[in-house]
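Letter by letter, the chains look like this.
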Amino acid sequence: MLHSFSPAPIFTQFYNDPLPVIGVALLEKWNRDYVLRLLISLKLATQHSSTTEAHELITKLLNFLPNDKPSKYGPVDRSILTNKTVILKIICDLLAIPANKNIDTDLGNAFYQDVLVTILIYNEHQFQNTGIGKVKQNLAHADIWKIGFMQNLNAENEGTYRRIGGIKQLLYLQFLKSEFGDAYEEFEKGVVEYTGFPSMQDIILLFVNLVVEYDRVVKRSVPLVVIGPTDNSYSLLHKLELVVDASSGSIRAEVPQLVTAPFLKLMDNKIYLLGTSDFDLITTKSWDFYLVKNKLFQKVLPKVGDIHALKGEWGKKYYESFLGLKILKSLEKNGIRVLESDDKNLPDATIIVNEKDVYVIEMKSNAMDHKVTSAQDISGFRRFIDDKFATGSKGVPQLNRNIEFLSKNADTAYGLKKPTKKLRVFPVIIYTEPHLTKQAVNDYINTVAPTISAELANCFHSVEKVTLIPMDFFLDNIGLLQKDRHVLRNLIRKYHLFVSRTKDSYAKTNRHFDYFAAMVSFESWSVGKDGMYREDQMVVFDTLRKIFELK
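As the structure is a prediction and not an experimental result, all values here were calculated from the model. (Residues numbered from 1 in each chain as written. Predicted model: local features only at pLDDT ≥ 70, side-chain atom pairs only at ≥ 80, totals over all residues. Heavy atoms only, no water.)

**Points about the overall build of the protein**
Part 1: Assigned secondary structure in the protein consists of 22 helices and ten strands.
Part 2: Against the compact-globule benchmark of 24 Å for 551 residues, the protein has a radius of gyration of 25 Å, which places it among compact chains.
Part 3: Each principal axis of the C-alpha atoms in the protein carries an extent, and together these give about 80 × 65 × 40 Å.
Part 4: Buried residues in the protein amount to 55% of all 551 residues.
Part 5: Partitioning the intrachain contacts of the protein with sequence separation of at least 6 by distance along the chain shows that 74% fall at a separation of at least 24.
Part 6: Both charge centroids of the protein, one from 69 positive and one from 64 negative side chains, sit 4 Å from each other. (Helix = DSSP H or I, 4+ residues; strand = E, 2+ residues; numbered from the N terminus. Rg over C-alpha atoms; globule rule 2.2 N^0.38 Å. Buried < 20%, exposed > 50% of the residue type's maximum accessible area, 1.4 Å probe, protein only. Contact = heavy atoms within 4.5 Å. Lys, Arg positive; Asp, Glu negative; His and termini not counted. Charge placed at Lys NZ, Arg CZ, Asp CG, Glu CD.)

**Structural notes on the packing of helix α12 (residues 307-329) against helix α22 (residues 537-548)**
If you want to describe how two helices pack, look at the angle between their axes and the distance between the axes.
Part 1: Following both chains from N to C, one finds α12 and α22 inclined at 105°, their axes separated by 10 Å at the closest point. In terms of orientation, α12 lies roughly perpendicular with respect to α22. Contacts between α12 and α22 pair Phe322, Leu323, Lys326 and Ile327 from the former with Leu544, Ile547 and Phe548 from the latter.
Part 2: Of the residues assigned to the contact of α12 with α22, the class counts are six nonpolar, no polar and one charged. (Axes fitted to C-alpha atoms, helices over the stretch in contact; angles between N-to-C directions. Parallel < 35°, antiparallel > 145°, perpendicular 65-115°, else oblique. Nonpolar A, V, L, I, M, F, W, Y, C, P; charged D, E, K, R; others polar.)

**Notes on the environment of Asp215**
Part 1: Tracing the backbone through its elements, the reader meets Asp215 in helix α8 (residues 200-217).
Part 2: Using a relative accessible area of 36% as the deciding quantity, one classes Asp215 as partly exposed.
Part 3: Separated by 117 residues in sequence, Asp215 and Pro98 place their C-alpha atoms 33 Å apart.

**Quick word on the nonpolar core**
Part 1: In this structure, Phe263, Phe297, Trp314, Leu328, Phe473 and Phe548 are the most contacted members of the largest nonpolar core, which totals 91 residues.
Part 2: With ten residues, the top contributor of residues to this core is α12.
Part 3: In this view, Phe263 contacts Leu210, Ile227, Leu237, Leu242, Val243, Val244, Ile271, Tyr272, Leu273, Leu274 and Phe279; residues no more than four positions away in its chain are not counted.
Part 4: Val35, Leu62, Ile90 and Val115 belong to the second-largest nonpolar core, a separate cluster that totals 51 residues. (Core = buried A, V, L, I, M, F, W, Y, C linked by side-chain atoms within 4.5 Å.)

**Considerations on helix α14 (residues 378-390)**
Part 1: For α14, with 13 residues, the first-to-last C-alpha span of 16 Å runs short of the 18 Å given by 1.5 Å per residue.
Part 2: Where α14 is concerned, the buried positions are Ile378, Gly380, Phe381, Phe384, Ile385, Asp386, Phe389 and Ala390.
Part 3: For α14, the N-terminal capping position is held by Asp377, with its side-chain oxygen 3.3 Å away from the main-chain nitrogen of Ser379. (Expected span 1.5 Å × (residues − 1). Polar contact = N/O pair within 3.5 Å; in protein donor to acceptor, adjacent residues only side chain to side chain.)

**With respect to the packing of aromatic side chains**
Part 1: Summed over all chains, the structure comprises 34 aromatic pairs.
Part 2: With 6.0 Å between their ring centres and 50° between their planes, Tyr184 and Phe187 make a pair best called tilted. Of this pair, Tyr184 and Phe187 are both found in helix α7 (residues 184-195), three residues apart, which corresponds to roughly one turn of the helix.
Part 3: According to the relative accessible area criterion, Tyr184 is buried, its value standing at 6%.
Part 4: Ring-pair connections join several aromatic residues into one group, and the members of that group are Tyr172, Phe175, Phe180, Tyr184, Phe187, Phe297, Trp314, Tyr318, Tyr319, Phe322 and Phe548.
Part 5: Above the ring of Tyr194, the side-chain terminus of Lys239 is found at 4.5 Å from the ring centroid.
Part 6: Sitting over the face of the ring of Trp525, Lys529 holds its NZ or CZ atom 4.7 Å from the ring centroid. (Phe/Tyr/Trp six-rings, centres within 6.5 Å; stacked < 30°, edge-to-face > 60°. Lys NZ or Arg CZ within 6 Å of the ring centre and 35° of its normal.)

**Some remarks on the pattern of salt bridges**
One side chain can pair with another of opposite charge once the charged atoms of both are near each other.
Part 1: For the coordinates displayed, the defined rule picks out 30 salt bridges.
Part 2: Between Asp114 and Lys29 there is a salt bridge, and its shortest N-O distance comes to 2.8 Å. Here Lys29 lies in the segment before α1 (32-49) and Asp114 lies in helix α4 (residues 109-126), a separation of 85 residues in the sequence.
Part 3: The buried category is assigned to Asp114, whose relative accessible area is 13%.
Part 4: The class for Lys29 is partly exposed, based on a relative accessible area of 47%. (Salt bridge = Lys/Arg side-chain N within 4 Å of Asp/Glu carboxyl O.)

**Quick notes on the pairing of strand β6 (residues 349-353)**
Part 1: When you tally the buried positions in β6, you get five out of five residues, the bulk of the element.
Part 2: Burial along β6 is two-sided: Ala349, Ile351 and Val353 and Thr350 and Ile352, pointing in opposite directions, are all buried.
Part 3: The pairing of strand β5 (residues 336-340) with β6 spans five bridges and is antiparallel. Bridged to Glu340 within β6 is Ala349.
Part 4: Between the end of β6 and the start of strand β7 (residues 357-364), which pair antiparallel, lie three residues, with Asn354 showing a positive phi angle near 55°. (Pairing = 2+ DSSP bridges.)

**Observations concerning α4**
Part 1: Counted at 1.5 Å a residue, the expected span for α4 with its 18 residues is 26 Å, and the 25 Å between its end C-alpha atoms agrees.
Part 2: For α4, the buried fraction is high: 14 of the 18 residues fall into the buried class.

**Considerations on the confidence of the model for the protein**
Part 1: A residue-level look at the protein finds 91% of positions with pLDDT of 70 or above and a mean pLDDT of 90.
Part 2: Below pLDDT 50 for its whole length, residues 1-6 participates in 21 contacts with residues either more than four positions away or in separate chains.
Part 3: Overall, residues 130-135 carries pLDDT values under 50, and its contacts beyond four positions in sequence, including any with other chains, amount to 13 contacts. (pLDDT = per-residue confidence, 0-100.)

Below, the structure written as structure tokens:
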């Protein structure tokens, strides 16, 4: 979805003192659980504010900013305090020190000021100077990624799970049933006995109900989702290994741990929800990891001993054949053909519209190591893109080979009767790794990846630039794509035209705003275009139910 790069307030904007060393020294004198509960509330409020107006709690805290030392960078945006990564870092550092059990409940202005100043200090260390906004002749893709990593911008956001997260869980269950056949019943029995859930569907309901509860409390002045020991989900969340237990005192926790286990147990023995924005990650990648780790796949997949083996197994069977091909095959009707790969020369999928528009598609389920993002490893991110999508043997080089094969075998392999000179070719990579939705990834790939020769390009009417499109785009918008056979073509063309024109504008003006705008991903740019991501959720569910024959 669309992200904005809004500056968070930092310490030296408001104080003349040197920037303090990062740490929670100001918070040590306060009751640790009081501080943690406020930080958790701020985490929920920050998630809410990222999609709507400023939350009341954030506004309250920002009102403690000094009035006599205005920002030297201009007026402060009173709707932005920080992001989830900064809050989680503070929580981790606070959990690492001995718990102050001070029972003083007189939390006056000093308490809120100490929390605010701590956040400002962490903000400044997190959002280090990148050169963005300064006079610089040329920006590069890495500049955009650096800002993105600092702000933790990727596709793992609340909207992803909220719109189709529950549906994707149902689709995965449907896949497992079809894949395991008669053995599925035994597999499900093993999972429910191990976890304590009545059925696999109840696991889906757990997360759906937590989102409902989040919606119920988030607009409160101090939002908290609290789960007590008598709640049915209390023991289930523990069994799913989604709880970070800080009830006994200090513990060592890392930000990635709080992302994949977003429930914190405090010294009152209650569990606090840290947010719902990563539920899509938890119910897909983390769920598979959980099943493999606890050997719950062992009877039905005896050769799958680790998560990497499962990814290899599911890459072709689940992401490509079950999800990708079924969703694309649903586009078939008079004038639209969808071809599957022959595992030799044809791409993973080919969509042919009116025997003229040819979408050459490769599907990629490659997942990036979470350490790349947690360490803000720009070089590691670039290597992942290069190796899997741009300059290795896969991704764009594959598409180039597919296009060359098409030029020589349009009639025999594709059944196309029109001369290749009349064909319009649209090379597409459908991906599942959410970090590829970051700004500048699509443009980077089109910049560094090998291109087809002019001679090969001249064989066709036109060959569009490579477009990266997430699998979720097709799941969320398939109903709209079914209604209008030309909408995908039009979106791809308009997207690349927008990128080209905005890059031209940047070349003339050197306005960094233009460069940021030009680096937009296809998914982010497409939101709202021709109704994309705007269809009613129940309509989306009903469409997917029919395609995948959900019962």
